[in-house]
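Structural overview for review
Single-letter residue listing:
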Amino acid sequence: MNFEAVASSLREGAMIDAAAVDLDASANTAPTPAVIAAVVAAMSHRHGNPSSGHGRGNASRDVLTAARDSLSALVNGAFDDGVVFTSGCTEANNLVLSSFAGGRARIVTSAVEHPSVLTTAKALAQVGSDVTILPVDRGGRIDLESLNVAVRSANGPCLVSLQLANSETGVLQDAAAIAAIVGECQHCYFHADAAQAMGKIEINLGRGVGPDVVTMSGHKIHGPMGIGAIIVADDSAIPLRALLKGGEQERGIRAGTEAVPAIAGLSAAVDEWALHRIDRRRHLEALHRHIEQGLCRIEGAIINGSASSRLPNVTNVTFANCDAMALVANLDAQGIRVSQGSACSTGRPEPSHVLVAMGLSEADAFSTIRISLSVNNQLSEINHAIAVISGTVDRMRGRP
């Protein structure tokens, strides 16, 4: 291996990153120096198998214990033994939903979920599972009465699986109201996909108060890619069944040797969020207000979901008569990174299922981009991005 070539490539990549304005944090966030240091330290000094009974295995188990402590502390109502590590939120969502497959169990979800939930639910329906998909209003929120009917009419165990925050619009569902409905029904459980919400809003777990279980990914909170978790409320008896068969790791719920370096990085990322969460939220809120004020000065710009409560870092904006795919490419060429929607759906020819479910026409859905901020963004970058987006939209509309 030519290590000098590798080092040169890394330096070149760093220069490209430094010149770009990254406004696609909902797809991925850059790991912080503390996260990178934690991963390197674990790879250097904690490379024992956590299932081994000797000292090196104990050292690796200590990494897992610390990470469970960190995650349970970030989510109110969680407990350390209720944390199960996975490869990410997609695997975690699949595990939770598959635990309710078949028999008399019902799965209730919505039309605006992430593909890892919606596609899984539809696949389970094709093999005989009872699946109900709730519509949403123009604000992107489910109708609570429809949820109530779906839950109360179930003939067996029921799982309600809904995002806390939508990955394309940032719209927040009313977790407390959903939890109250679910909590009134025996053998009914509330699963929340918290991939986008983790760290950015307060999350309270518990029967009748919040979700019974949440799922998350490390790379949405400046942790490593390829690591996620299932976090169960301390008063929940949700019956989780292993998706992967094999050893007894993670209390038998997730077989396979744990990814200790990635878990160490996740732990560091969560600790940073816990330490700086108030300052980070204020920073994101200020930038969010500023960029939306600037975007709304562009003729015909519409912020989707603006009438609903939303995350403090996500803006889904439609520019009528402006092709979003071309806009994303034009902005990328100018060093502004945005997206059309969920990274898991990029490149698909269909319009966003989220926007269509909210009542947008296909034309408007194809004219919509997602801007998502991270704690690394600064006001100067936002001002530059507003100017570039405004000028690019005007040019694409044929204006000088």
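Residues numbered from 1 in each chain as written. Predicted model: local features only at pLDDT ≥ 70, side-chain atom pairs only at ≥ 80, totals over all residues. Heavy atoms only, no water.

1. Let's talk about the sheet that holds strand β12 (residues 368-372)
What counts here: Strands qualify as paired when DSSP identifies two bridges or more between them. Every helix listed is a DSSP run of H or I at least four residues long, and every strand listed is a run of E at least two residues long, numbered separately from the N terminus. Axis definition: a line fit to C-alpha positions, over the contact stretch in the case of helices; interaxial angles, taken between N-to-C directions, run 0 to 180 degrees.
The strand order across the open sheet built from three strands is β9-β10-β12, with neighbouring strands paired in antiparallel fashion. In this open sheet, the two edge strands, each paired with only one partner strand, are β9 (301-303) and β12. Strand-to-strand twist of the sheet, defined as the mean angle between neighbouring strand axes without regard to direction, takes the value 30°. The pairing of strand β10 (residues 314-319) with β12 spans five bridges and is antiparallel. Along β12, the bridge assignment pairs Thr318 with Thr368.

2. Comments concerning the packing of helix α6 (residues 144-152) against helix α7 (residues 175-183)
Just so we agree on the cut-off: Here is the rule for angles: anything less than 35 degrees is roughly parallel, anything more than 145 is roughly antiparallel, 65 through 115 is roughly perpendicular, and the remaining ranges are oblique. Handedness of each helix crossing follows the sense of rotation of the near helix against the far helix: counterclockwise by less than a right angle gives left-handed, clockwise gives right-handed. Any two residues having at least one pair of non-hydrogen atoms within 4.5 Å are treated as being in contact. Gly counts as polar in this scheme, as do all residues outside two lists: the nonpolar Ala, Val, Leu, Ile, Met, Phe, Trp, Tyr, Cys and Pro, and the charged Asp, Glu, Lys and Arg.
Interaxial distance between α6 and α7 falls to 10 Å at its minimum, and their mutual angle equals 25°. Between α6 and α7, the angle is such that the two are roughly parallel. The handedness of the crossing between α6 and α7 is right-handed. Taking contact as the criterion, the partners of Leu144, Leu147 and Asn148 in α6 are, on α7, Ala177, Ile178 and Ile181. Tallied by class, the residues present in the contact of α6 with α7 amount to five nonpolar, one polar and no charged.

3. Brief notes about the packing of aromatic side chains
Operational definition: Only Phe, Tyr and Trp rings take part, Trp by its six-membered ring, and two of them pair if their centres are within 6.5 Å. Stacked means planes under 30 degrees apart, edge-to-face means over 60, and tilted covers everything else. Counted as over-ring charges are cases with an Arg CZ or a Lys NZ within 6 Å of the ring centre that also lie within 35 degrees of the ring normal.
Applying the stated criterion across every chain yields a total of one aromatic pair. The ring of Trp273 carries Arg280 above its face, with NZ or CZ at 4.6 Å from the centroid.

4. A few points about the nonpolar core
Rule in force here: Buried residues of nine kinds, namely Ala, Val, Leu, Ile, Met, Phe, Trp, Tyr and Cys, make up a nonpolar core once their side-chain atoms join them within 4.5 Å. Partly exposed residues are those whose accessible area sits between 20% and 50% of the maximum for their type, while under 20% is buried and over 50% is exposed, using a 1.4 Å probe and protein chains only.
In terms of nonpolar packing, the biggest core is built from 91 residues, with Leu23, Phe85, Val160, Met198, Ile231, Phe319 and Ile371 touching the most fellow members. Beyond its immediate sequence surroundings of up to four residues, Leu23 is in contact with Ile291, Ile336, Arg337, Val338, Arg370, Ile371, Ser372, Leu373, Asn377, Ile382 and Ala385. Within the second largest apolar cluster, 19 residues are counted, among which are Val96, Leu97, Phe100 and Leu124.

Function-wise, these values are silent; they only describe arrangement.
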